Amino acid sequence: MNETQRQSLLGAIAISSGAAGFGNITPQQRADAFANLEQFKTYPGRMAACVEMIGCSTLQIAGVGNVPSDVTVPGKLYALGLIQEFLKVGYNSLNESDRGQLRSSIVLAARQLAMPVDSSSIKMNDSTRILAVKIAALLADLALREFPQRWQTFVSDLFSPVSNGGMWCEAGADTGGNAAGIKICLECLKLVTEDCTDSDYNARISTTRRNDILLGLNEMSTRLLPLLFELLSKQYGDVNNAKSTLQAMHQYVASNGRTMAQMTPDERAQYQQELDRRDAAGGIVADVLGTLEKFCQSMPLDWMLKVENGNDFVAALLHLLQEDVANIQVLSVACLQQLSMRKLDQYQWFRLVSSLPPALFEATNAAAQRANERAIAPNSIDMLIEQLEFHRSLSKMGSTLVTAHLAHITTDKDISSGRGVKFDAVSSYLNLLSEMMSHPSGVICGEQINTWVGLLRDPAIVRTNVLSPHLGRVLTAYMNHIVKIRWEDVWEQEHPYSALIEASWDDDEAYDDWLGNLRSKASQLFRSIGNTEPEIAVTVIHSQMRTLLNAHCNGEPRDQLNPENNELTVTSTACLKFEGATQPLDNILHGLPSWAVDDGNYDAKRSRIRSIIRPLLSELASMIVSWNPNDIWLKFRRTTLLEALKHYWKYEPSTLPSGVDTLLMYLSATDNPPKERISEDVIGLRKKSGVSLVAVSKVVPHLLVPWLSQLSDRAKTLLTSGGLSPINEMHLYEFLSCVATAVENPVDRSNFVADVLANSMRSLESPTIQSSIQSTEGLLSLMGISQAGTNSSCVTDPEFVKKVTREFSTLYSSLNQLLSVGKRCHEAARKRPNGGLPVQSLSPVIDGSVALNFPDEGPINLSDLAINDPFVALWPKLLPTLLQVFDVTLRVWHPEFQVSLLRNNVQRYALAISDDEAYLATKQESSVGGVFGKGGTAGSIISGTDRRDMNLAPRWSGWFNELRNNCFQLLGLLSAQRILYAPEMSHLFPQLVSIVTNQEHLRSMEHRHFTQYLKQFIEIMILSCPSSLYQSHLTAILGPVFEHLQVRFQYSWNPILGTGGLSAESTKPLFSVNCAEAVNQLASSGVEAWLIAYYARGGLFVGDLDSVTAEAMTDKVRVDLTRTFSDMIQSVLALKGGWALVLANKSKEDALKKNGSKQAQSSGPKSQFSDGSGPTNADGTKRTLVRLHLDARKLLRIDKLCHFLLLENEQIAGYLVLTLIQCLEYPDAYTCRRCTRIVHRVLETVAWVDRYTELLGYRLFSVAVKAIITEPKWMVGIEWDMINIIRDIYGRLVLGQYYLPSGQGPGLQQPRDASNSMRFDQTKAVGKPLLGGGILPNPSDFPRRVLMEIGMSQDDILALEKKLVEKRSAKDQKETLRDVLRVAADKTKGQNGVLERAGEEESLLHQNTRKPEVTALPEKLVTYSQLKRKEEKNAEDPSDGPWHGNLF
């Protein structure tokens, strides 16, 4: 490059970097400069020019008026960037001589920058620092490629003193002038360590290369570590010396009666020089700690923990905790944090635990001294803010050190015994952690919550005395910090710690997220403390509640009042305080062990604790029950506290009647003064009271039975008053039904439930309701939709709106009350001693390993079912009405009604989605504030109005959703309670089948309707059906449903896959503006064509919703439907849910029997679900006799249901398998992954059946192969699952191999038939899919045909089959298939498809073909240590011979 080109390049660099001296630069000049710099990157001699540029001491160019302009820094940065890019793409192509020259040039440039400058310059300027970091990165890249084999002088080139040709400082000399050299060395070492150890960079550097570099570094550690320790000691000494000098200067000025602002110019210059000296030395210490942090994180522990020749890094780090200059104390904690996360042995861990408390004591004293020097209090806000980051990182490090090494506490005998040096040290350390939590900022204790929860969950630690002294402080700290801070006080600086709070969290949203996370974890903490140390827990919560009630019982200090009625609001101080006390009270009472409260006989220690606890709890309950606030929000908080007492009332119910009476009273609460329309606050209080009533009745229903008549009378009074809302009435019904389930006599129980629900039944049987549900027109009239067709203004007429709302509420509330009570009764029935089974008693012994016949696995009379479930007796009267409502509701979506409604500008909104559904399709954020919040979707479906307005139109969509979901859930309850299979209901079964499988109903439902239909009815029906009734009750329903699903899925996903003739535009939902087009299409094209487009858009009509949210809604309903289907099939095939747990239990039992472990069968580990005293389920919960009986019946259903679905009915099996095959193609990873598991179960069940061969061997196999070789981006992460499907099909249908369930384990090869070598012997598990299933005895050519279609030859297929037979492990077979499919995938590249293709970096097929950026060197690494060990091994030593070697 000649001088002209050089000047042109420098000019372009100057213009691009904005160097001074070029005047006003035009956009054209800047564009030309950029083009020149880009063009230079292709210049053949660019590397030589770049090497020349970095070797120059200065780079200058003439600017305006020929004034020299310095471009040294931007010029060298540009050159270094080009060299770094060249290392990635062209360095490996250089010969040894060129590589050496390039390396020497870069090292020379680094030395030039590292050469000592004028000693008067103490601090390194920013330009030099930037260059130093860039050169360090370049040297690190060179070291990654060369060290240690080719660059054996790496350490001496960098870490030798400048006088010896290196970049390091002279021993004992002042480093001020050589800061750049030190920065280069430390940064380079840090980057090399990080790149070779951080897993994020594993793909960049080959494993061999990383190992070689780490071996080289370990070999040179004896040279590197002393240099770092010496530098750290020297610079820390310089920091202290400079601080002492500065302190002396302060004292000197003060002694002369002056302030620092009154210093003379000479004094100010000397003062600034010492400041620069302190900061420069502190910066070097910080750089050293940054490198040491990487060593602590990944390098051998001996580097940091071994004390050798006076070099003790741990002691240094602990000492540096007291230094605040340049953030040194935080960096020291970061190093200790990395060490604490490593696997320390007991000695190393104990050293840190015992050393940290005294080190922190010194750090605290140092901070106090600094505060005194500044004449401020050590705990002042200013000091707390300055040290916040240090305290937070310290708390995190301290807790990590415990959490990561709990085993050292549990296994140490001294700690377990509660005495000795180690016990004292650990106790002192935990005391330190607990004292930290007194910090005013919640982030400090937030870092420790996982540690305390972990300690309390470990039974070995809980048995010791190491935690007890600290739990009171811990409990108090968390109880204080879960009280919400009113952020308005922080903004207005009214909070005493406003500045500290603002430093702790960025804004109120960050604080809310933190508080929510803390509260979610604190529940377990409070419960564990209550269970472990009930005396401490009860004492603290009693004291807290007494203090709260004394200070705020009347709302004091009565701030943040509502100006309308002068009452407290949700943000008032008293309300926030009581809200914060509810969670600890509830969880502590919940966690209390029974011995601490009940009347049992226990040892002296437990009796003493109980004698302390019970009076406190009694007083606590009395305080809450007797508290009678006037403010609505205080009543709300009292309600939550009363609900928490339910755990105490189980043992001592003396205050229970008063508490329940208060909750009943709050159900009819009113405003003060009364208003015409009840306020939102009162509505909230009523709802919470109802919820609390139900919660209490679930826990202590048996204790409320004596007051049942009084409660019934009180309920009737409330119901006849007319002031309750529908949801309040529902809560009241649920409350009474829960109490009723505790009545012992089944007849009385049923009569009471019938009496409770008599009003609901009468409402449904009333002439108004009955006439309305006789036809769809009647239902539309009931909801005011028909009237809107003739008079659109009626939907906003207040009187008409109230009338219609009242009439619809009668219908909906009656059904909803029946549903709620029915669910509560069913839940209670399942909790009875017989588990809800319709048998008188359970046999004490049951063998789940053999198939049994149970008398209750068939039709059961209603009278027998009613013994457990009092709701059963209502079904004969309820079911006809339910079916009628269900039928007329679904008819609204039939094409003929849709045409009529969509044509009308108002009636059309009855078919629309609701604002709430639109909100669920958006990205939900806490800042939005829900549907009605700022940014919510209220008023988006019908522009300008929502359901809160006096307008019927926006209410219709929600009403239909409620009505339809109620019907689905009642049908699910009908199945779950086994009413559907009762002989007395057989006359209604044909009517039910005709309605729930009505083809017009199935075809007309939107996706969102069908999702609920599957989830709330079909799945429950399949799971609850007795195994003997599959043919009689499931066939008629599942056949039409699965047939319809196959068509619905196909038309829904065709536009996404680019098939079926519809474009992606067809998936857009129907809007108000194009309703006429849909109506015209139905009229012109017919129903069949219209349904194709209907399914493509999911059936959605979204009104005036914006297009982005509308399209998101379409995607959501499509994906939700397929996911619901896959989850349902998983559940019924025992691949998830309760049935999967049954198989897991069986597998566990079989394994224990095989191992002969009797003790393991009778007990399990202690956990939060089980005390370990008896058998446990596979999920850790306790396994009772009831569970054994239920599991035996479920196991029977599992075996028979799989056979029924896939082998007994062609309609069900055919459409089910076809739908599953289709689902493997749909671009939804959730669905696809679950369907792969289902397909394995299908193969295990039917692979041996000839009529399935074409379906599985060709259709399924081709779909799986296509999914792999086309490499769609959506499938990244589930390719192995799909390859396992290919393996399972090929093995069973071609190779005569079968596998463990879900395609696990090696291929189990079946031998050839002795009489026919073309056949395989069938497996012994052919009829037992749960044991592996069968194979196709006559090998099929269908899979081979598919392989030939993707380009494989016959020889290739034979070679593939040979490998699959010779190497049958799962890993080998899947790797073999991947290699074959990779070749086929490469042939399909370049073919355009609708779905985006995964890149090579993401693709599983090309995973092994990706090469790292830094490859291994051909030279084998041989270190001095290796040679020395080899020599020692080979040395002859007579003592190493046999003991009798000298006898002869």
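Above this text you will find the structure in question.
Scope of this entry: the structure provided in the associated data block. Note that the structure is predicted; figures quoted are calculated from it, not measured. (Residues numbered from 1 in each chain as written. Predicted model: local features only at pLDDT ≥ 70, side-chain atom pairs only at ≥ 80, totals over all residues. Heavy atoms only, no water.)

### As for the overall build of the protein
So, point 1. A tally of regular secondary structure across the protein gives 65 helices and six strands.
So, point 2. The C-alpha atoms of the protein give a radius of gyration of 39 Å, which matches the 35 Å a tight globule of 1448 residues would have.
So, point 3. With the C-alpha coordinates of the protein rotated into their principal frame, the extents come out at 105 × 100 × 90 Å.
So, point 4. In the protein, 73% of the contacts between residues at least 6 apart in sequence involve partners at least 24 apart.
So, point 5. Charge-centre separation for the protein: the mean point of 145 positive side chains lies 5 Å from the mean point of 159 negative side chains. (Helix = DSSP H or I, 4+ residues; strand = E, 2+ residues; numbered from the N terminus. Rg over C-alpha atoms; globule rule 2.2 N^0.38 Å. Contact = heavy atoms within 4.5 Å. Lys, Arg positive; Asp, Glu negative; His and termini not counted. Charge placed at Lys NZ, Arg CZ, Asp CG, Glu CD.)

### Quick look at helix 37 (residues 746–756)
So, point 1. Taken residue by residue, helix 37 has Arg 749, Ser 750, Phe 752, Val 753 and Val 756 as its buried positions. Buried residues in helix 37, looked at end-on, bunch into an arc of 160°, giving them a common side.
So, point 2. Those residues of helix 37 that are buried are in contact with helix 35 (708–721), helix 36 (726–740), helix 38 (758–765), helix 42 (798–830) and helix 43 (862–868).
So, point 3. Where helix 37 begins, the capping side chain belongs to Asn 745, and its oxygen is found 2.8 Å from the backbone nitrogen of Val 747. (Buried < 20%, exposed > 50% of the residue type's maximum accessible area, 1.4 Å probe, protein only. Arc of directions from axis to C-beta. Polar contact = N/O pair within 3.5 Å; in protein donor to acceptor, adjacent residues only side chain to side chain.)

### Some words on the state of the cysteines
So, point 1. Applying the stated criterion across every chain yields a total of zero disulfides.
So, point 2. Free cysteine Cys 169: the closest other cysteine sulfur is in Cys 185, separated by 8.9 Å.
So, point 3. Of the residues examined, Cys 169 reaches a relative accessible area of 10% and is grouped as buried.
So, point 4. Note on Cys 1025: no disulfide assigned, nearest cysteine sulfur contributed by Cys 1202 at a separation of 16 Å. (Disulfide = S-S within 2.5 Å.)

### Notes on the side chain of Thr 640
So, point 1. Take Thr 640: it is sitting in helix 30 (residues 632–644).
So, point 2. Discounting chain neighbours no more than four positions away, the residues touching Thr 640 are Thr 582 and Lys 688.

### Looking at the pairing of strand 4 (residues 1304–1309)
So, point 1. Where strand 3 (residues 1297–1300) meets strand 4, three bridges bridge the pair, whose relative direction is antiparallel. Considered in strand 4, the bridge of Gln 1297 is made with Gln 1309.
So, point 2. From the end of strand 3 to the start of strand 4, which pair antiparallel, there are three residues, and Ser 1302 there has a positive phi angle of about 65°. (Pairing = 2+ DSSP bridges.)

### Things to note about the pairing of strand 6 (residues 1316–1320)
So, point 1. Bridging between strand 5 (residues 1312–1313) and strand 6 involves two bridges; their strand directions are antiparallel. The residue bridging Asp 1313 from the neighbouring strand is Asn 1316, located in strand 6.
So, point 2. The hairpin formed by strand 5 and strand 6 contains two residues between the paired strands.

### Things to note about the pattern of salt bridges
So, point 1. In total, this model carries 65 salt bridges according to the counting rule given.
So, point 2. Between Lys 484 and Asp 512 there is a salt bridge, and its shortest N-O distance comes to 3.8 Å. Of the two residues, Lys 484 sits in the loop between helix 23 (468–481) and helix 24 (487–491) while Asp 512 sits in helix 26 (residues 508–532), which places them 28 residues apart along the sequence.
So, point 3. Lys 1146 is the partner of Asp 1150 in a salt bridge, and the nearest nitrogen-oxygen pair spans 3.3 Å. Here Lys 1146 and Asp 1150 lie together in helix 55 (residues 1137–1155), a separation of four residues that amounts to about one turn.
So, point 4. When its relative accessible area of 34% is taken as the criterion, Asp 1150 is described as partly exposed.
So, point 5. The partly exposed category is assigned to Lys 1146, whose relative accessible area is 25%.
So, point 6. Ionic contacts of the salt-bridge type, sharing partners, join the residues Asp 586, Glu 643, Lys 646 and Lys 688 into one network. (Salt bridge = Lys/Arg side-chain N within 4 Å of Asp/Glu carboxyl O.)

### Some thoughts on the packing of helix 36 against helix 37
So, point 1. The contact between helix 36 and helix 37 brings their axes to 9 Å, and the two run at 175°. As judged from the angle between their axes, helix 36 and helix 37 are roughly antiparallel. Note on element contacts: helix 37 touches helix 36 through Arg 749, Phe 752, Val 753 and Val 756, opposite Tyr 733, Leu 736 and Ala 740.
So, point 2. Tallied by class, the residues present in the contact of helix 36 with helix 37 amount to six nonpolar, no polar and one charged. (Axes fitted to C-alpha atoms, helices over the stretch in contact; angles between N-to-C directions. Parallel < 35°, antiparallel > 145°, perpendicular 65-115°, else oblique. Nonpolar A, V, L, I, M, F, W, Y, C, P; charged D, E, K, R; others polar.)

### Considerations on helix 63 (residues 1354–1366)
So, point 1. If you check helix 63, its first and last C-alpha atoms are 18 Å apart, about what 13 residues at 1.5 Å a residue would give, namely 18 Å.
So, point 2. Next to the buried residues of helix 63 lie helix 61 (1279–1295), strand 3, helix 62 (1342–1349) and helix 64 (1370–1388). (Expected span 1.5 Å × (residues − 1).)

### Notes on the packing of aromatic side chains
So, point 1. Tallying each qualifying case throughout the model produces 31 aromatic pairs.
So, point 2. Between Phe 886 and Phe 968, the ring centres sit 5.6 Å apart and the planes meet at 65°, which makes this aromatic pair edge-to-face. You can see Phe 886 sitting in helix 44 (residues 875–891) and its partner Phe 968 sitting in helix 47 (residues 953–976), a full 82 residues away along the chain. The pair Phe 886 / Phe 968 is uniform in exposure class, with both members buried.
So, point 3. Here the aromatic cluster, defined as three or more aromatic residues joined through ring pairs, consists of Phe 886, Phe 968, Phe 1010, Tyr 1013 and Phe 1017.
So, point 4. Just above the ring of Trp 893 sits the side chain of Arg 964; from NZ or CZ to the centre is 5.1 Å.
So, point 5. In this structure, Arg 1193 is placed above the aromatic ring of Phe 854, and the distance from its NZ or CZ to the ring centre is 4.2 Å. (Phe/Tyr/Trp six-rings, centres within 6.5 Å; stacked < 30°, edge-to-face > 60°. Lys NZ or Arg CZ within 6 Å of the ring centre and 35° of its normal.)

### Topic: the side chain of Ser 523
So, point 1. Its place among the elements puts Ser 523 in helix 26.
So, point 2. Residue classification places Ser 523 among the buried positions, given a relative accessible area of 19%.
So, point 3. Not counting residues up to four positions away in its chain, the partners in contact with Ser 523 are Gln 583 and Asn 587.

### A closer look at a negative patch on the surface
So, point 1. There is a patch of like negative charges on the surface, built from Asp 506, Asp 507, Glu 509 and Asp 513.
So, point 2. Tracing the sequence through the fold places Asp 506 in the loop between helix 25 (498–504) and helix 26.
So, point 3. You can call Asp 506 exposed: its relative accessible area is 76%. (Patch = residues over 30% accessible without salt bridge, like charges linked within 9 Å, V, L, I, M, F, W, Y side chains within 5 Å. Areas by Shrake-Rupley, 256 points an atom, 1.4 Å probe, with all protein chains shown as cover.)

### Some remarks on unusual backbone geometry
So, point 1. With an omega dihedral of 10°, the bond running from Glu 556 to Pro 557 counts as a cis peptide bond.
So, point 2. Residue placement: Pro 557 occurs in the loop between helix 27 (534–552) and helix 28 (573–591).
So, point 3. Cis geometry is adopted by the peptide bond preceding Pro 673, which originates at Asn 672 and carries an omega value of 0°.
So, point 4. Among the secondary structure elements, Pro 673 is positioned in the loop between helix 32 (656–666) and helix 33 (680–699).
So, point 5. The backbone phi angle of Gln 493 is positive, close to 60°, even though this residue is not glycine.
So, point 6. Within the fold, Gln 493 resides in the loop between helix 24 and helix 25.
So, point 7. The phi torsion at Asn 566 lies on the positive side, around 60°, for a residue other than glycine.
So, point 8. You can see Asn 566 is positioned in the loop between helix 27 and helix 28.

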